[in-house]
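In case you want the letters, here they are:
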Amino acid sequence: MKLAILFGGSSFEHEISIVSAITMKKVFKNTELSFIFVDAERQFYLIESDKMKSNFFSSGAYKKSKKLVLKNGAFNIEGIFGSKEIVFDTLLNLIHGRDGEDGKIASLMEFYKIPFISPRIEASVLSFNKLYTKFLAESLGVKTLSYQYLSKNEERKLTMEYPVIVKPVRLGSSIGVSIVKNDEELDYALDVAFEFDTDVIIEPFIDGVKEYNQAGTYTRDWELSIVEEPHKEEFLDFEKKYMDFSRDSQVLAADIDELLESKIKDTFKKIYDPLFKGAIIRCDFFVIEGEVYLNEINPIPGSMANYLFSDFEGMVERLSNNLPKEQSIQINYQYIHSIQSAKGKA
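Within an unreviewed UniProt entry, the label attached to the chain reads D-alanine--D-alanine ligase, and the organism entered is Sulfurovum zhangzhouensis. Heading Catalytic activity (unreviewed entry) of the UniProt record for the chain holds this comment: "2 D-alanine + ATP = D-alanyl-D-alanine + ADP + phosphate + H(+)". In its Sequence similarities (unreviewed entry) section, UniProt records this for the chain: "Belongs to the D-alanine--D-alanine ligase family."

Given below as structure tokens:
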């Protein structure tokens, strides 16, 4: 299999995407990889495998790499003797945050007919925005925590009891997230969140709540990861998650009974199918009094949550061979011809 890794993007999570892409180089041992970098100006560059080091990007040295342009069916290098296609079977979208998770890349890949692993447009829109994720969960009968939605220019009046957690609506990786325990902390937390987004979600912060992560995809059958109980701290901030995204060794399964594991997996399937077909996603759940609550959908998890799977590389190849296909529409101008004929024109 020939796989292209697309990473970078115009996003607050740009650097995390670079870390994830570098990790993929270690994860894929039997797959021919191409690396396509999207810089902050949304220019595409073909990056040589031996240049996949963080300082190659932070120093700006990537700008000496070959620029790419999108044409129907492929990325191309433009030269004085014409275009040269970058040949691969499937593209893996590894852009975290804006561009990668909000539907822009999904739209581009569908428009240019490039096979890709990633949530499709509707799935991207619904999982990128935490408010829309609440609406999706409600429509599926999946429980979520109660919440307050607040926009930047609205009155800062809290409608729930402390402590609460404040989250920018369109960001991941704990960027702009704060735990608030009193009135004095609220204004500062909102100022921080509004640096990154125009809207926030405020939820009750439940100290000591049980958290579990479930990743998976659908190829010709369900391929679900182990259920992970993440490292327990008050919450994982940006720096801890930054390091977390470089993981490439498998972790241990959560010590839970079969009934709870079944509930988590069934809830994951309910969220995934059919909206997220063609993607590898991770859902983060809370368990409160035996009930499973959706915390977040990670449409493009850090390092693709490879560490939760026993055969991640094989799974990616199987998914590559079973991607959803956009309906082919034939345009024959029958309507225009009929009008012309009715008017007596050729």
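Take the packing of helix 4 (residues 121–128) against helix 5 (residues 130–140) next. It is at 5 Å that the axes of helix 4 and helix 5 come closest, and there the two elements cross at 110 degrees. It follows that helix 4 is roughly perpendicular to helix 5 by the angle criterion. For the pair helix 4 and helix 5, the contacting residues are V125, L126, S127 and F128 in the first and K130, Y132, T133 and L136 in the second.

Further remarks concern the nonpolar core. Counting 33 residues, the largest nonpolar core has I5, F7, M24, I47, F57, I280 and F312 as its most contacted members. Of all the elements in the fold, those that place two or more residues in this core are strand 1 (2–8), helix 1 (14–27), strand 2 (32–38), strand 3 (44–47), helix 2 (54–58) and helix 9 (312–320). Once residues lying within four places of it in the same chain are set aside, the contact partners of I47 are F7, F35, F37, M52, F56, F57, Y62 and S65. Among the nonpolar cores identified, the runner-up in size contains 22 residues, and L136, F268, I271 and Y272 belong to it.

All right, on to the pattern of salt bridges then. Under the criterion given, the structure shown has 18 salt bridges. Salt-bridge contacts for K51 lead to E48; the nearest nitrogen and oxygen are separated by 3.9 Å. Here K71 makes a salt bridge to E78, at a shortest N to O gap of 3.3 Å. Counted as one network, the salt bridges with shared partners bring together R42, D99, D102 and K104.

Turning next to the pairing of strand 1. Most of strand 1 sits out of view: six of its seven residues are buried. Each parallel crossover has a hand, and for strand 1 linked through helix 1 to strand 2 it is right-handed. Sheet analysis places strand 1 next to strand 7 (residues 90–93), joined by four bridges and oriented parallel. Looking at the pairing, A4 lines up with L91 of strand 7.

An order of 14-13-15-16 is seen for the four strands of this open sheet, with the pairing classed as antiparallel. Sheet topology places strand 14 (222–228) and strand 16 (291–298) at the edges, where each strand pairs with a single neighbour. For this sheet the average axis-to-axis angle between neighbouring strands, irrespective of direction, equals 25 degrees. As judged from the seven bridges shared by strand 15 (residues 281–288) and strand 16, these two strands associate in the antiparallel manner. By the bridge assignment for strand 16, I288 is matched with E291.

The set of residues buried in helix 4 consists of A123, S124, S127 and F128. Seen from one end, helix 4 has its buried residues packed into an arc of 115 degrees, which puts them on one side. On its buried face, helix 4 sits against helix 3 (104–111), helix 5 and strand 16.

On to helix 3. All buried positions along helix 3 are accounted for by I105, A106 and M109. Along the long axis of helix 3, the arc covered by the buried residues comes to 100 degrees, so they all point the same way. On its buried side, helix 3 packs onto strand 1, strand 4 (66–71), strand 5 (74–79), strand 7, strand 8 (116–117) and helix 4. Trailing helix 3 by a residue or two, K113 shows a phi angle of about 55 degrees, which is positive.

Let us look at the side chain of N213. Position of N213 relative to the elements: it lies in strand 13 (residues 210–218). We classify N213 as buried; its relative accessible area is 8%. When near neighbours in sequence (up to four residues on either side) are disregarded, N213 contacts I226, V227, E228, P230, R282, C283 and D284.

Next up on the list: the packing of aromatic side chains. The tally for this structure, following the rule as stated, stands at 19 aromatic pairs. On the numbers, 5.9 Å between centres and 20 degrees between planes, the contact of F268 with Y272 is stacked. With F268 and Y272 both in helix 8 (residues 258–272), this residue pair falls four residues apart, about one helical turn. Like Y272, F268 is buried.

Parameters at a glance
Every chain's residues receive numbers from 1 upward, in the order its sequence appears when written. Only residues with pLDDT of 70 or above have their local features reported here, since the model is predicted, and side-chain atom pairs are shown and tallied only from 80 upward, although totals for entire chains, interfaces and linings are computed over all residues. The basis for every side-chain value is the complete set of non-hydrogen atoms in the structure, without hydrogens or water. UniProt positions are given in the numbering used here, feature names are shortened, and annotations may be inferred rather than shown by experiment. The convention used is that axes are lines fitted to C-alpha atoms, helices contributing only their stretch in contact, and that angles between N-to-C directions extend from 0 to 180 degrees. Elements are defined by DSSP. Helices are runs of H or I of four residues or more, strands are runs of E of two residues or more, and each kind is numbered from the N terminus. Orientation labels follow simple angle bins: below 35 degrees gives roughly parallel, above 145 gives roughly antiparallel, 65 to 115 gives roughly perpendicular, and whatever is left gives oblique. When checking whether two residues touch, look at their non-hydrogen atoms; a contact exists if any pair is within 4.5 Å. Take the buried residues of types Ala, Val, Leu, Ile, Met, Phe, Trp, Tyr and Cys, join any two whose side-chain atoms come within 4.5 Å, and each joined set is a nonpolar core. Exposed residues in this analysis have more than 50% of their type's maximum accessible area, buried residues have under 20%, and partly exposed residues fall in between, with area computed by a 1.4 Å probe over protein chains only. Here a salt bridge means any side-chain nitrogen of Lys or Arg lying within 4 Å of a carboxyl oxygen belonging to Asp or Glu. A crossover counts as right-handed when, viewed with the strands pointing away from the observer, the path leading from the first strand over the helix to the second turns clockwise. Strands are labelled as partners when DSSP assigns at least two bridges between them. Starting at the helix axis, one direction is taken to each C-beta atom, and the arc is that of these directions. Any two rings among Phe, Tyr and Trp, with Trp reduced to its six-membered ring, count as a pair given centres within 6.5 Å; such a pair is stacked if its planes are under 30 degrees apart, edge-to-face if over 60, and tilted if neither.

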